[in-house]
Amino acid sequence: MTGRAVGSTPHPPRDRYLVGLIGEGITASLTPAMHEAEARALGLDYEYLIFDLLELGRPAEDVGALLADARSAGFAAMNITHPCKQLVLDLVDELDTDAAHLRAVNLVVFDAGRLRGYNTDWLGYRDGLIAGLPGASFQRVVQIGCGGAGAATAYALLSEGAERLDLFDADPSRADELAARMRSRFPTQIITTLSPDDLASAIAGASGIVHATPMGMLHHPGIAFDLDLLRREAWVSDVVYRPLETDLVRDAARRGHPVLDGGRMAVGQACASLQIITGIQPDRDRMQRHFRGLISAEERSETGKGGR
């Protein structure tokens, strides 16, 4: 980190917004459509472009040069995704406090010649929890997966007052590292790591389960744990949103558990980014409806291809 911490204060409005996304394998991202549709509804002149490192033939380490080019070209901001979120930490002039704690930046705003780094992933998950699981108990939450998405969900859960958070990852060192980081930020809350032998009993005692691994995606089907272990009142959250109804979300809902699909987090982070970039509060419900329409169309297209 090269600069001081900054707050998540929206930036002054512009006549025109040029925004981009840098990452690998992102040509099918729904983020541009989400941003542009909501910006149009807000009456903004707004264009969102994709910078896919694979298509450009450039390594992740070129993210600094791409940011410099974007700033010179008059961009207002750039969203950042895998594998550049950590690389950007050392490139920004000023870093939002939450991004500093998470050690990941997914939004860079160009403001008066300075690069300001933010993390809206955790905001997206937090807002999804509030809207999608009202009244949910955070007495004891078990989280499976401690990568980039897992860091954001853990931070959001603890920020919302989770009394105890049990972390599990196939790579124990990743769970240990995340637990240590979260303990330094939330010293009064209980944050533990689980071994494979501990996982089943922890799930059986949990008020909620968060799944933050790629399992359940279109090409990674399956469920990461046995749903028979769940308490009757336990809620279930999945960060995967392609498909929206993963095997986990579908089967947990069929059993009567409150569920939170990954679409809430996806829309929430886009909504928070749009607000920081423009200084205007987007309509979250409108963005949610648009996003779900995009996903439905995508899933119908996939079904059609499979039937031919």
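Look a little higher up for the structure.
No experiment lies behind these values; they were computed from the predicted model shown. (Residues numbered from 1 in each chain as written. Predicted model: local features only at pLDDT ≥ 70, side-chain atom pairs only at ≥ 80, totals over all residues. Heavy atoms only, no water.)

## Overview of the overall build of the protein
The line we're drawing: Counting from the N terminus, the helices are the DSSP runs of H or I reaching at least four residues and the strands are the DSSP runs of E reaching at least two. Throughout, radius of gyration means the C-alpha value; the globule benchmark is 2.2 Å times the number of residues raised to the power 0.38. Note on exposure labels: buried denotes an accessible area under 20% of the residue type's maximum, exposed denotes more than 50%, and partly exposed covers the range between, all computed with a 1.4 Å probe on protein chains only. Any two residues having at least one pair of non-hydrogen atoms within 4.5 Å are treated as being in contact. To be clear on the numbers: accessible area is Shrake-Rupley with a 1.4 Å probe, and residue cover counts the displayed protein chains and nothing else. For the charge count, each Lys or Arg is scored as positive and each Asp or Glu as negative, with His and the chain ends excluded. Charge positions are represented by NZ for Lys, CZ for Arg, CG for Asp and CD for Glu.
Counting its regular elements, the protein contains 11 helices and 13 strands. For 308 residues, the compact-globule estimate of 2.2 N^0.38 gives 19 Å, and the C-alpha radius of gyration of the protein, at 19 Å, lies within 12% of that figure. The buried share among the 308 residues of the protein stands at 49%. Here the analysis covers contacts within the protein between residues at least 6 apart in sequence; of these, 72% occur between residues at least 24 apart. When the accessible area of the protein is evaluated, it comes to approximately 13500 Å², of which 50% is carbon and sulfur surface. Computed over 31 positive and 41 negative side-chain charges, the inter-centroid distance for the protein is 3 Å.

## Things to note about the pattern of salt bridges
Quick reminder of the rule: Salt-bridge detection follows one rule: a side-chain nitrogen of Lys or Arg within 4 Å of a carboxyl oxygen of Asp or Glu.
Applying the stated criterion to the full structure yields 22 salt bridges. With its nearest N and O atoms 3.7 Å apart, the salt bridge here joins arginine 16 to aspartate 45. Residue arginine 16 is located in the loop between strand E1 (5-6) and strand E2 (17-23), and its partner aspartate 45 is located in the loop between helix H1 (31-41) and strand E3 (46-52); the two are separated by 29 residues in the primary sequence. Where arginine 58 meets aspartate 62, a salt bridge forms, and the shortest distance between an N and an O atom there is 3.1 Å. By relative accessible area, arginine 58 is classed as partly exposed at 27%. Residue classification places aspartate 62 among the partly exposed positions, given a relative accessible area of 23%.

## Thoughts on the packing of helix H5 (residues 121-132) against helix H10 (residues 263-278)
Convention followed: Angles run from 0 to 180 degrees between N-to-C directions of axes, and those axes are lines fitted to C-alpha atoms, restricted for helices to the stretch in contact. Each angle receives one of four descriptions, namely roughly parallel if under 35 degrees, roughly antiparallel if over 145, roughly perpendicular if within 65 to 115, and oblique otherwise. Two helices cross in a left-handed way if the nearer one is turned anticlockwise from the farther one by less than a right angle. They cross in a right-handed way if the turn is clockwise. Polarity classes work like this: nonpolar for Ala, Val, Leu, Ile, Met, Phe, Trp, Tyr, Cys and Pro, charged for Asp, Glu, Lys and Arg, and polar for all others, with Gly in that last group.
Look at H5 against H10: their axes get within 7 Å of each other, and the N-to-C directions meet at 120°. Taken together, H5 and H10 sit at an angle that is classed as oblique. The interaxial crossing formed by H5 with H10 has right-handed handedness. Mapping the contact onto sequence places Asp121, Leu123, Gly124, Tyr125, Gly128, Ala131 and Gly132 in H5 and Arg264, Met265, Gly268, Gln269 and Ala272 in H10. In terms of residue class, the contact of H5 with H10 is made up of 5 nonpolar, 5 polar and 2 charged.

## Points about the packing of aromatic side chains
The criterion, for reference: Here the aromatic set is Phe, Tyr and Trp, taking the six-membered ring for Trp, and pairing holds for ring centres within 6.5 Å; pairs whose planes are under 30 degrees apart are stacked, those over 60 apart are edge-to-face, and all others are tilted. Comment: the charge-over-ring label is applied if NZ (Lys) or CZ (Arg) is within 6 Å of the ring centre and within 35 degrees of the ring normal.
Scanning the entire structure with this criterion turns up 6 aromatic pairs. Ring centres of phenylalanine 51 and phenylalanine 75 lie 5.8 Å apart, and the angle between their planes is 65°; this geometry places the pair in the edge-to-face category. With phenylalanine 51 in strand E3 and phenylalanine 75 in the loop between helix H3 (63-72) and strand E4 (77-80), this pair connects stretches of sequence that are 24 residues apart. Phenylalanine 51 gets classed as partly exposed once you look at its relative accessible area, which sits at 22%. Overall, the relative accessible area of 6% leaves phenylalanine 75 in the buried class. Taking NZ or CZ as reference, arginine 185 lies 5.0 Å from the ring centre of phenylalanine 186, over its face.

## Quick word on the environment of alanine 212
When you line up the elements, alanine 212 lands in the loop between strand E11 (208-211) and strand E12 (235-238). With a relative accessible area of 10%, alanine 212 lands in the buried category. Along the backbone, alanine 212 and alanine 252 are 40 residues apart, and their C-alpha atoms lie at a distance of 16 Å. In contact with alanine 212, not counting residues within four places along its chain, are Ile144, Gly145, Ala149, Gly150, Thr153 and Val239.

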